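Take a look at the letters that make up each chain.
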Amino acid sequence: MRHAYPDGDVFYRRLDRPFPLAVSAHGATIVDEEGREYLDASGGAMVANVGHGVEEIAEAVAEAAHIGYINGLQFTQRWVEELATELRAVLPDELRRPYFLCSGSEAVEAAVKLARQIWVECGRSSKWKVISRVPSYHGNTLTALSLSGREHYRRIYGPLLTELPRIPAPDSYRHPESEATTGEALEREIERQGADTVAAFLAEPIVGSSGGAVVPSREYWRRVVDTCRRHDVLLIADEVLCGMGRTGRWLASEHFGLTPDVLVLGKGLGGGVAPLSAVVAREELVTTLAGGSGAFNHAQTYSHHPVSCAAGLATLRYLRRERLVDRCAALERPFFEALERLRRDSRVGDIRGKGLLAGIELVADRDSKEPFPRSARFAERLTAAAMARGLIVWPNTGHVDGDRGDLIMLAPPFTIGEDEIGEIAARLAAALGDIE
Ligand SMILES: Cc1ncc(COP(=O)(O)O)c(C=O)c1O
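Read on for an overview of the structure. (Residues numbered from 1 in each chain as written. Predicted model: local features only at pLDDT ≥ 70, side-chain atom pairs only at ≥ 80, totals over all residues. Heavy atoms only, no water.)

### A look at the overall build of the protein chain
Here is step 1: Helix and strand counts for the protein chain stand at 14 helices and 15 strands.
Here is step 2: Computed over C-alpha atoms, the radius of gyration of the protein chain comes to 21 Å, within 12% of the 22 Å expected from 2.2 N^0.38 for 436 residues, which places it in the range of a compact globule.
Here is step 3: For the protein chain, the spread of C-alpha atoms along the three principal axes comes to 60 × 55 × 45 Å.
Here is step 4: Out of the 436 residues belonging to the protein chain, those deemed buried represent 56%.
Here is step 5: Accessible area of the protein chain: about 18700 Å², with a carbon and sulfur share of 51%.
Here is step 6: When the 51 basic and 61 acidic side-chain charges of the protein chain are each reduced to a single mean position, those positions are 3 Å apart. (Helix = DSSP H or I, 4+ residues; strand = E, 2+ residues; numbered from the N terminus. Rg over C-alpha atoms; globule rule 2.2 N^0.38 Å. Buried < 20%, exposed > 50% of the residue type's maximum accessible area, 1.4 Å probe, protein only. Areas by Shrake-Rupley, 256 points an atom, 1.4 Å probe, with all protein chains shown as cover. Lys, Arg positive; Asp, Glu negative; His and termini not counted. Charge placed at Lys NZ, Arg CZ, Asp CG, Glu CD.)

And the structure:
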């Protein structure tokens, strides 16, 4: 049977093309019903950090499933308790109390609400605005989307979005000297808005798919932290994509000596085996709530869920025991060295990233950095060409001006072999050669 609209009964993610039916997966390989193998170079949506088919994680999830639904307001249970404790071993001491949810979007929304609630409970209820950046991506629910700088996701929902201040994100490839890249833009925006109205600044320490693995300077983050402190603005680090080891450290924040006030985790936190995200606040913020209203005012039916937490717990134990974050850091060099061969194609403008997170920026003209016209659909065509060669990559578009800009994101599992890294580079180079 062809798995495509309107043949199947599913409301597929795309209604204009067929889908292969995945039947099994192991390591960095996904197998479809025809026995065709795909090398998963993006961990799906930058999720599958431990690879596919890790038996001990599947077993842990199955075991937790036996207890069924346990509500987080009525009970605690061992999976949530143990996961919170296990996380303490890898997170900064100040960030020791995770509040578990399911998706990154939910966790971003919760982080923003938490920041607002903190200021209200501190008697400073004029502080409500959250400043974010463009380009950026923080999720697809309405507030997370309001905070995201991704025009093509936002366009048709405009009337439903909240107007919130956004500043340009650092871009060391196109605008190395700009205020955005140096961190000055935040200071100006807080002053423009009035610090007494600004609750928080939300940003990814290392930009994920929206900007193509942009690694800002240490100085950028030093400045941002200093600006936030001076203006009593909470710093929310969205590490949904770049956290949990993806950049070769448990948190991308560590590369910059940065400890946020509120941390958001997701994607790889549950190993991709069950939906799991978390909001982790500094202890003093939790203490404020404990001494005030007594709770974070954010109820969700599936928060603190045993099955999701079991996936997180087993994933974290596996990552630690197998020293996979160290492995991710050690593979950074061979990974980026292998990708260098792509530069032989003049349409590859930049290759950047950290650990096992890479962004490849594709341009019409390498000297002027002129992007392709959107009508060329370059990133999408390259992704399809890669898929035809059995290689899964993640496209992103629009980061240059909300319309133009073509990126390919790579985020293979930390268990990937060096031979497979070579294969990723070879297949991507061949796919580039397949398209005009
Ligand atoms: C940085 C970042 N934040 C938040 C999200 C939203 O996460 P989810 O898709 O799980 O809702 C994403 C998803 O790609 C992301 O990359």
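Picking up where we left off.
### Some remarks on helix H12 (residues 324-339)
Here is step 1: Here H12 contains 16 residues, and its C-alpha end-to-end distance of 21 Å stays within 8% of the 22 Å for a straight helix at 1.5 Å per residue.
Here is step 2: The sharpest bend along H12 measures roughly 40° and falls at Leu 331, with the proline Pro 334 sitting one to four residues further on.
Here is step 3: Taken as a whole, H12 has its buried residues at Leu 324, Val 325, Cys 328, Leu 331, Pro 334, Phe 335, Phe 336, Ala 338 and Leu 339.
Here is step 4: Its buried side turned inward, H12 meets helix H11 (306-321), strand S11 (348-354), strand S12 (357-362), strand S15 (406-410) and helix H14 (418-434). (Expected span 1.5 Å × (residues − 1). Bend = angle between axes of the 7 residues up to and from the residue. Contact = heavy atoms within 4.5 Å.)

### What to know about unusual backbone geometry
Here is step 1: Note that the residue after Tyr 5, namely Pro 6, is joined by a cis bond; omega there is 5°.
Here is step 2: As for its position among the elements, Pro 6 is in the segment before strand S1 (22-26).
Here is step 3: Cis rather than trans, the peptide bond between Val 134 and Pro 135 has omega equal to -5°.
Here is step 4: Note on placement: Pro 135 falls in the loop between strand S5 (129-134) and helix H5 (142-146).

### Considerations on the pattern of salt bridges
Here is step 1: Enumeration over the complete set of coordinates arrives at 36 salt bridges.
Here is step 2: Two residues, Arg 78 and Glu 82, come together in a salt bridge whose shortest N-O distance is 3.7 Å. You can see Arg 78 and its partner Glu 82 sitting in helix H3 (residues 78-88), four residues apart, about one turn around the helix.
Here is step 3: Residue Arg 78 is classed as partly exposed on the basis of its relative accessible area of 37%.
Here is step 4: Arg 282 is the partner of Asp 261 in a salt bridge, and the nearest nitrogen-oxygen pair spans 3.2 Å. Taken as a pair, Asp 261 in the loop between strand S8 (234-239) and strand S9 (262-265) and Arg 282 in strand S10 (residues 277-282) lie far apart in primary sequence, 21 residues in all.
Here is step 5: Among the residues examined, Asp 261 registers a relative accessible area of 6% and is labelled buried.
Here is step 6: In this structure Arg 282 comes out as buried when scored by relative accessible area, which is 12%.
Here is step 7: Via salt bridges that share partners, Glu 63, Arg 78, Glu 82, Glu 86, Arg 317 and Arg 320 belong to a single interconnected network. (Salt bridge = Lys/Arg side-chain N within 4 Å of Asp/Glu carboxyl O.)

### Topic: the packing of aromatic side chains
Here is step 1: Taken as a whole and assessed by the stated rule, the structure comprises eight aromatic pairs.
Here is step 2: Geometrically, the ring pair formed by Tyr 99 and Phe 296 is edge-to-face, given 5.2 Å between the ring centres and 75° between the ring planes. A residue pair is termed long-range when its members are at least 10 positions apart, and Tyr 99 in strand S4 (residues 95-101) and Phe 296 in the loop between helix H10 (283-291) and H11 qualify at 197 residues.
Here is step 3: Between the aromatic rings of Tyr 137 and Tyr 153, the centroid separation amounts to 5.4 Å while the plane-to-plane angle is 80°, which identifies the pairing as edge-to-face. You can see Tyr 137 sitting in the loop between S5 and H5 and its partner Tyr 153 sitting in helix H6 (residues 151-154), a full 16 residues away along the chain. (Phe/Tyr/Trp six-rings, centres within 6.5 Å; stacked < 30°, edge-to-face > 60°.)

### Describing the environment of Ala 310
Here is step 1: Tracing the backbone through its elements, the reader meets Ala 310 in helix H11.
Here is step 2: Assessed through its relative accessible area of 1%, Ala 310 is described here as buried.
Here is step 3: In sequence terms Ala 310 and Pro 92 are 218 residues apart; their C-alpha atoms lie 22 Å from each other.
Here is step 4: Contact partners of Ala 310, with chain neighbours within four places excluded, come to Ala 60, Val 61, Ala 64 and Trp 79.

### Details of the site of the ligand
Here is step 1: As a structural note, the neighbourhood of the ligand is formed by Ser 103, Gly 104, Ser 105, Tyr 137, His 138, Gly 139, Glu 204, Asp 238, Val 240, Leu 241 and Lys 267.
Here is step 2: In the environment of the ligand, a nitrogen atom lies 2.7 Å from a nitrogen or oxygen atom belonging to the side chain of Asp 238.
Here is step 3: When the residues that make up the shell around the ligand are grouped by side-chain class, the tally is three nonpolar, five polar and three charged. (Near = heavy atom within 4 Å. Polar contact = N/O pair within 3.5 Å; in protein donor to acceptor, adjacent residues only side chain to side chain. Nonpolar A, V, L, I, M, F, W, Y, C, P; charged D, E, K, R; others polar.)

### Examining the sheet that holds strand S14 (residues 394-397)
Here is step 1: Overall, antiparallel pairing links the four strands, which are arranged S11-S12-S15-S14 in an open sheet. The strands lining the two open edges of the sheet, one partner per strand, are S11 and S14. The sheet shows a mean angle of 20° between the axes of neighbouring strands, direction not considered.
Here is step 2: In this sheet, S15 lies alongside S14 in antiparallel orientation, the contact comprising four bridges. Residue Trp 394 lies in a different strand from S15, and its bridge partner there is Met 409.
Here is step 3: Contacts from helix H13 (residues 378-388) reach S12, S14 and S15, with the element oriented near 40° to S15. (Pairing = 2+ DSSP bridges. Axes fitted to C-alpha atoms, helices over the stretch in contact; angles between N-to-C directions.)

### Topic: helix H8 (residues 184-193)
Here is step 1: Among all positions of H8, only Ala 185, Leu 186, Glu 187, Glu 189, Ile 190 and Gln 193 are buried.
Here is step 2: Contacts made by the buried residues of H8 are with S5, strand S6 (166-168), helix H7 (179-182), strand S7 (198-203) and helix H9 (218-230).
Here is step 3: Downstream of H8 by a residue or two, Gly 194 has a phi angle that is positive, lying close to 95°.

### Comments concerning the pairing of S1
Here is step 1: Note that S1 and strand S2 (residues 29-32) share four bridges and pair antiparallel. Each bridged residue has a counterpart across the sheet, and for Ala 25 the counterpart in S2 is Ile 30.
Here is step 2: Taken together, S1 and the strand that follows it, S2, pair antiparallel across an intervening segment of two residues, in which Gly 27 is found at a positive phi of about 55°.

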